[in-house]
Amino acid sequence: MKELVNNLKGDRVIWSFVALLALFSFMPVFSASSNLAYIGQGTGNTISYLLKHLAHIFIGLIIIYWVHKVPFHYYRGISLIALPIVWILLGYTLIKGTVIAGANASRWIQVPFIKISFQTSTLATIVLLIFVARYLSKKREEEDTFKESLIQLWLPVFITLGMILPANFSTTALIFSMILMLTFVGKYPIKYLSFIIGAGIAALLLFVLLSKAFPDSHLFSRVSTWQSRIENFTSNKPGEDDYQIEKAKIAIASGGVYGVGPGKSVQKHFLPQSSSDFIYAIIVEEWGLIGGFGILTLYLLLFIRFVIAAHKANSLFGKLLVVGLGFPMIFQAMINMAVAVELLPVTGQTLPLISSGGSSIWMSCIALGIIINVTKKEEEIAEENKEKAKREAALKKLIDKQLEEDEDEEEEAIEENYSIQDNANNPMKAVMNK
């Protein structure tokens, strides 16, 4: 165990916060999954959901460890290769997407043979933000015209967002706002950003108008849900989302200061998506305001650590990676908590590293692995390069030794086959001897 900890490079504080959030997640997930257990199994036994969450967290930690070993500048090229693959996956999701765990949107695809559901928009978020960071760091020293940036930067961005929008408006809005923040930090001209914001709003209005013209189309099936959520949030009109919010507020009010105790939540039996979208309400009910503020504090401290990591990064690409991958994770957590207390309309955003779900956990772990890689100190990088040089030297020594052995074998074979004596049967041999 000590040797494993010593092999962990990068910011140890970020490692600690990740471990705390992952460990804490087992208790609310184990408790809040009873609703899914009754619906799916009819028994209420949540052991299988706990073991499933354990597997997701374990695989996620392996992902962080593996990703943080890969030099972060490799992701420049990876983003270019991965973006077309993401478009294919998003297109397949629009056509063949499935609904899981009682959700009311087709955002998942089934991975063949292993029967694992995967939310493609989470992968698209990471790839797109890395792509934007790559462009901004590349063009920082080169003057780029607005026309060129429209083709090289904003066209891929709007293609990706346009393929996520029909099934997931909240994720699309979050990604777009994070890209605007990232471009602002990367010193993209503000006069161009105002045009991009206007183009984004116009594209959204066009999408809504098309939904009115083609109300039966599969692509526009979620527009009515968005409108009803906004209307319910801004008025007293009862609706399905009001039921979720009311149960969430009852859970929070029941928790009080100290909570009703781990596993003793009552509203988890009535609150839909209690182990994912509304898990914060269950945390407050069972752990009280102390637990709720404790989770909020962990995310805020992690945000501060991201700011420090971005400030200390040695390259512009590294700074933009920390901002582009770290900040959305914190903002997503804040949105999840705000929905639970009715500060925002229902969005369907999970609580990173705590809510149940494989793809959301794994994508968060990929982002964290890249961020931790950026935070590696110079001596750690030098140590890794030294170990890499030793491995290459040892490999070269083995190759040279093998080549020498092959050359010796060839020389021995030549000596055995070569002779100055003429052993041929020459018919004139008798005459020449006389």
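Structure report, in brief. All figures in this text were calculated on a predicted structure; none of them were measured in a lab.

## Structural notes on the overall build of the chain
- Looking only at helices and strands, the chain has 16 helices and 2 strands in total.
- Across the 434 residues in the chain, those meeting the buried criterion constitute 45%.
- The contacts of the chain with a sequence gap of at least 6 include a subset with a gap of at least 24, amounting to 71%.
- For the chain, the accessible surface area stands at approximately 23600 Å², while carbon and sulfur atoms represent 65% of it.

## A closer look at unusual backbone geometry
- Phi is positive for Lys187, which is not a glycine, with a value near 65°.
- Relative to the helices and strands, Lys187 resides in the loop between helix 8 (169–185) and helix 9 (190–213).
- One non-glycine residue, Leu353, lies in the positive phi region at around 70°.
- With respect to the secondary-structure elements, Leu353 resides in the loop between helix 13 (316–340) and helix 14 (358–374).

## Remarks on helix 14
- Taking 1.5 Å as the rise per residue, helix 14 with 17 residues should run 24 Å; its terminal C-alpha atoms sit 25 Å apart, in good agreement.
- Counting buried residues along helix 14, 17 of its 17 residues qualify, which places the element largely inside the surrounding structure.

## Examining the environment of Pro352
- Residue position: Pro352 is located in the loop between helix 13 and helix 14.
- Spatially, the C-alpha atom of Pro352 lies 8.1 Å from that of Ile330, the residues being 22 residues apart in sequence.

## Let's talk about a negative patch on the surface
- Among the surface-exposed residues, Glu404, Glu405, Asp406, Glu407 and Glu409 lie close enough to one another that they form a single negatively charged patch.
- Tracing the sequence through the fold places Asp406 in helix 15 (residues 378–417).

## Notes on the packing of helix 6 (residues 120–138) against helix 7 (residues 146–164)
- Running from N to C, helix 6 and helix 7 cross one another at 170°; their axes reach a closest spacing of 11 Å. With respect to each other, helix 6 and helix 7 are oriented roughly antiparallel. Facing helix 6, whose interface residues are Ser121, Ala124, Leu128, Phe131, Val132 and Tyr135, helix 7 presents Ser149, Gln152, Leu153, Pro156, Val157, Thr160, Leu161 and Ile164.

## Points about the packing of helix 6 against helix 8
- Running from N to C, helix 6 and helix 8 cross one another at 15°; their axes reach a closest spacing of 10 Å. Relative to helix 8, helix 6 is oriented roughly parallel. As for how helix 6 packs across helix 8, the hand of that crossing is right-handed. In this structure, helix 6 uses Ser121, Thr125, Leu128, Leu129, Val132, Ala133 and Leu136 to contact helix 8, whose residues at the interface are Thr171, Ile175, Met178, Ile179, Leu182 and Thr183.

## Observations concerning helix 4 (residues 47–67)
- In a regular helix each residue adds 1.5 Å, so 21 residues correspond to 30 Å; helix 4 covers 30 Å between its end C-alpha atoms and thus fits that length.
- For helix 4, the elements touching its buried residues are helix 2 (12–32), helix 5 (75–96) and helix 14.

## Focus on the packing of aromatic side chains
- Applying the stated rule across the entire model yields 11 aromatic pairs.
- On the basis of an interplanar angle of 25° and a centroid distance of 6.2 Å, the ring pair of Phe72 and Phe317 is categorised as stacked. A residue pair is termed long-range when its members are at least 10 positions apart, and Phe72 in the loop between helix 4 and helix 5 and Phe317 in helix 13 qualify at 245 residues. The same class applies to Phe72 as to Phe317, namely buried.
- Summarising the aromatic geometry, the rings of Phe146 and Tyr192 are spaced 4.5 Å apart at their centres and angled 25° between planes, so their arrangement reads as stacked.

## Considerations on the side chain of Ser360
- Mapped onto the elements of the fold, Ser360 is located in helix 14.
- Owing to a relative accessible area of 16%, Ser360 belongs among the buried residues under this scheme.
- Polar contacts involving the side chain of Ser360 include one to the main-chain carbonyl oxygen of Gly357, which spans 3.4 Å.

## Remarks on the pattern of salt bridges
- Here the structure, examined in full by the defined rule, presents 4 salt bridges.
- The closest approach of N and O atoms between Lys249 and Glu246, which form a salt bridge, is 3.6 Å. Taken together, the positions of Lys249 and Glu246, both in helix 11 (residues 240–255) and 3 residues apart, correspond to about one turn of that helix.
- Relative accessible area serves as the criterion here: at 41%, Glu246 is assigned to the partly exposed category.
- Its salt-bridge partner being Lys249, residue Glu342 comes within 2.8 Å of it at the nearest N-O pair. Of this pair, Glu342 sits in the loop between helix 13 and helix 14 while Lys249 is found in helix 11, placing the two residues 93 residues apart along the sequence.

## Regarding the side chain of Gln349
- Looking at where Gln349 falls in the secondary structure, it is placed in the loop between helix 13 and helix 14.
- A polar atom in the side chain of Gln349 sits 2.9 Å from the side chain of Ser170.
- A polar contact of 3.1 Å, which involves the side chain of Gln349, links it to the side chain of Thr171.
- Setting aside residues up to four positions removed in sequence, Gln349 forms contacts with Asn168, Ser170, Thr171, Leu174, Asp277, Gln332, Ile335 and Asn336.

## As for the environment of Gly186
- Within the secondary structure, Gly186 is located in the loop between helix 8 and helix 9.
- The class of Gly186 is buried, set by a relative accessible area of 6%.
- Distance in space between the C-alpha atoms of Gly186 and Val132 is 9.6 Å, their sequence separation being 54 residues.

What counts and how
Residue positions within a chain follow its written sequence, with the count starting from 1. With pLDDT at 70 or above as the cut-off, local features in this predicted model cover only qualifying residues; side-chain atom pairs require 80 or more to be listed or tallied, and sums for whole chains, interfaces and linings still use all residues. Hydrogens and water are ignored here; the side-chain numbers use all heavy atoms of the structure. Elements are defined by DSSP. Helices are runs of H or I of four residues or more, strands are runs of E of two residues or more, and each kind is numbered from the N terminus. We call a residue buried when its accessible area falls under 20% of the maximum for its residue type, exposed when it is over 50%, and partly exposed in between, using a 1.4 Å probe and counting protein chains only. Contacts were defined at the residue level, with two residues in contact if any of their heavy atoms lie within 4.5 Å. In this description, accessible areas are obtained by the Shrake-Rupley approach with a 1.4 Å probe, and a residue is regarded as covered only by the protein chains that are shown. Multiply 1.5 Å by the residue count of a helix minus one, and that product is the helix's expected span. Each patch is built from residues lacking any salt bridge and having more than 30% relative accessible area; the joining distance is 9 Å for like charges and 5 Å for nonpolar side chains (Val, Leu, Ile, Met, Phe, Trp, Tyr). Salt bridge criterion: a side-chain nitrogen from Lys or Arg within 4 Å of a carboxyl oxygen from Asp or Glu. Positive: Lys, Arg. Negative: Asp, Glu. His and the chain ends are not part of the count. Every charge is mapped to an atom, namely NZ of Lys, CZ of Arg, CG of Asp or CD of Glu. Here an angle of 0 to 180 degrees is reported between the N-to-C directions of two axes, which are lines fitted to C-alpha atoms, with helices fitted over the stretch in contact. Each angle gets one of four labels, with under 35 degrees taken as roughly parallel, over 145 as roughly antiparallel, 65 to 115 as roughly perpendicular, and the rest as oblique. Rotating anticlockwise by less than a right angle from the far helix to the near helix defines a left-handed crossing, while the corresponding clockwise rotation defines a right-handed one. Side-chain rings of Phe, Tyr and Trp, where Trp is taken by its six-membered ring, are said to pair if the distance between their centres is within 6.5 Å; with planes under 30 degrees apart they count as stacked, over 60 as edge-to-face, and otherwise as tilted. Counted as a polar contact is a pair of N or O atoms within 3.5 Å, where, for protein atoms, one must be capable of donating a hydrogen and the other of accepting one, and residues adjacent in sequence contribute only when both atoms are in side chains.

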